[in-house]
Amino acid sequence: MEREQFIALVSEEQESLRRFLLALCEGDRMEAEDIAQEAMVKAYIAIDRFVERAKFATWLFKIAYNTFLDHQRSGWNRRTDLDAAKQMPGGPNADDAFQYQELYEAIGTLPLKEKSAILLFYVSGYSVKEIAKITGSSQLAVKQQLSRGRSKLREILER
Amino acid sequence: MKKKTTIEDLFAQYQPDMGDRNEYMEKLSKKLAAAEYAKQYREAQTRRYRRMMVAVFISGIVTGALGMVLVLLHPQWLLPTGISIEPPAISPLFTKVILLLIICFMSVCITGLVRKISDRSEVRVR
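The shown structure was predicted, so the numbers you read here are calculated from the model rather than taken from an experiment. (Residues numbered from 1 in each chain as written. Chains lettered and ligands numbered in written order. Predicted model: local features only at pLDDT ≥ 70, side-chain atom pairs only at ≥ 80, totals over all residues.)

1. Here's the deal with the overall build of chain B
Helix and strand counts for chain B stand at three helices and zero strands. A buried classification covers 4% of the 126 residues belonging to chain B. Across chain B, the fraction of contacts at a sequence separation of at least 24, relative to all contacts at a separation of at least 6, is 77%. (Helix = DSSP H or I, 4+ residues; strand = E, 2+ residues; numbered from the N terminus. Buried ≥ 20, exposed ≤ 12 C-beta atoms within 10 Å, placed from the backbone. Contact = placed C-beta atoms within 7 Å.)

Have a look at this one:
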């Protein structure tokens, strides 16, 4: 696949991917953007391994999800509140973070697997089957994660 | 009275500003160009290394084989002068020399083969 072709495909998906990552990082725009860029470069380097019949978006999301997990493992996001505050962008992005504070706080209470399943389902609009492919879980596990995540979110929203 | 927020409401309202699309794609394009350059450089290096290993392996076999042929054709070259050997009788010294050469030849071949295999597995890991 040529670079132009790849860019055209990514161009269609990048906003949805970045939105998902932003929610996954609970509003930490810097981390989300960093993961998004890294994932897209990784996807570009591994483009030969992309099977044409597979859905490009699902494949890209899978790479991004794994990149997010790598970041988590490397402790990239283990910052203190003060560090996070220092890196908080100003301007419209800061307003954004404030605007969606309720959502970020609510999803922040969920375990990683439930959070990912919920966000892929509600933010990115993926089906259970696609979520299973992205997260590498079984469809049954995804259904359970969604169910548990929904009840936890309902509890939080009813408070 | 405050209206209850449902999960669907919570996510339906989620439309954060992701900035200018063209600007983002332009930045990404530059990053991809840099990544491609790095990828090509690494691939070229791997190809060079692989070619070198193949050359070492082949030259090991060729020189080993040539050495053996020469020794078999002219055993007297390796023996001290003044010693005559009858064609059917093989001297112990000659046997030792041949054995030594075979060992050298085998070690060169095995070294080449092992390096080639390790090179291949390294490429696969990458």
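Now that the structure is up, let's keep going.
2. Brief notes about the overall build of chain A
Scanning chain A from terminus to terminus reveals nine helices and zero strands. A total of 159 residues make up chain A; the buried ones form 35% of that total. Residue pairs in contact within chain A that sit at least 24 positions apart in sequence constitute 66% of those at least 6 positions apart.

3. Details of the interface of chain B and chain A
On the chain A side, the residues contacting the 18 residues of chain B number 26 residues. If you list the elements that add at least two residues to the side of chain B that touches chain A, you get α1 (7-12) and α2 (21-73) of chain B. Counting residues per element, the side of chain B that touches chain A draws most heavily on α2(B), at ten residues. By residue class, the composition of the side of chain B that touches chain A is eleven nonpolar, two polar and five charged. (Nonpolar A, V, L, I, M, F, W, Y, C, P; charged D, E, K, R; others polar.)

4. Remarks on the packing of helix α1 (residues 3-24) of chain A against helix α3 (residues 56-73) of chain A
Residues and elements named next belong to chain A. Put simply, α1 and α3 touch, their axes get as near as 10 Å, and they point 35 degrees apart. Crossing of α1 against α3: the hand is right-handed. Here Leu9, Glu13, Leu17, Leu21 and Leu24 of α1 come into contact with α3, specifically with Phe56, Ala57, Leu60, Phe61, Ala64 and Phe68. (Axes fitted to C-alpha atoms, helices over the stretch in contact; angles between N-to-C directions. Left-handed = near helix turned anticlockwise from the far one by under 90°.)

5. Considering the environment of Leu28(B)
Looking at the element boundaries, Leu28(B) is found in helix α2. Those residues within four positions of Leu28(B) in sequence are excluded, and the remaining contacts are Val10(A), Gln37(A) and Met40(A).

6. Some details on the confidence of the model for chain B
Residues and elements named next belong to chain B. In the predicted model, chain B carries a mean pLDDT of 76, and the fraction of residues at 70 or more is 78%. Mean pLDDT per element in chain B: helix α3 (residues 92-125) is the minimum at 71, and α2 is the maximum at 84. Across the whole predicted complex the pTM is 0.67, and at the interface the ipTM reaches 0.71. (pLDDT = per-residue confidence, 0-100.)

7. Digging into the nonpolar core
Ranked by size, the top nonpolar core spans 42 residues in total, and within it Leu21(A) and Ala64(A) carry the most contacts. At the level of elements, α1, α2 (29-45), α3, α6 (101-108), α7 (112-122), α8 (128-135) and α9 (139-158) of chain A together with α2 of chain B are the ones that each hand at least two residues to this core. Residues within four places of Leu21(A) in sequence aside, it is in contact with Ala32(A), Ile35(A), Ala36(A), Ala64(A) and Phe68(A). (Core = buried A, V, L, I, M, F, W, Y, C linked by C-beta atoms within 7 Å.)

8. Quick look at the environment of Phe11(B)
Along the chain, the position of Phe11(B) falls in helix α1. Ignoring anything within four residues of it in the chain, the contact list for Phe11(B) reads Tyr122(A) and Val123(A).

9. Notes on the packing of α8(A) against α9(A)
Residue and element names in this part refer to chain A. Axis separation between α8 and α9 bottoms out at 9 Å; the angle between their running directions is 105 degrees. It follows that α8 is roughly perpendicular to α9 by the angle criterion. Between α8 and α9, the contacting residues are Val128, Lys129, Ile131, Ala132 and Thr135 on the first element and Gln139, Val142 and Lys143 on the second. Here the contact of α8 with α9 is composed, by residue class, of four nonpolar, two polar and two charged. (Parallel < 35°, antiparallel > 145°, perpendicular 65-115°, else oblique.)

10. So, unusual backbone geometry
The backbone phi angle of Glu26(A) is positive, close to 50 degrees, even though this residue is not glycine. If you trace the backbone, Glu26(A) turns up in the loop between α1 and α2.

11. Focus: α7(A)
In terms of burial, α7(A) is a largely internal element, nine of the eleven residues being buried. Where α7(A) is buried, its residues contact α1, α3, α6, α8 and α9 of chain A together with α1 of chain B.

12. Let's talk about α3(A)
Residue and element names in this part refer to chain A. Along its 18 residues, α3 runs 26 Å from first to last C-alpha, staying within 8% of the 26 Å computed at 1.5 Å per residue. Those residues of α3 that fall on the buried side of the exposure criterion are Trp59, Leu60, Phe61, Ile63, Ala64, Tyr65, Thr67 and Phe68. Buried residues along α3 sit in contact with α1, α2, α7 and α8. Positioned one or two residues after α3, Gly75 has a phi angle of 75 degrees, which is positive. (Expected span 1.5 Å × (residues − 1).)

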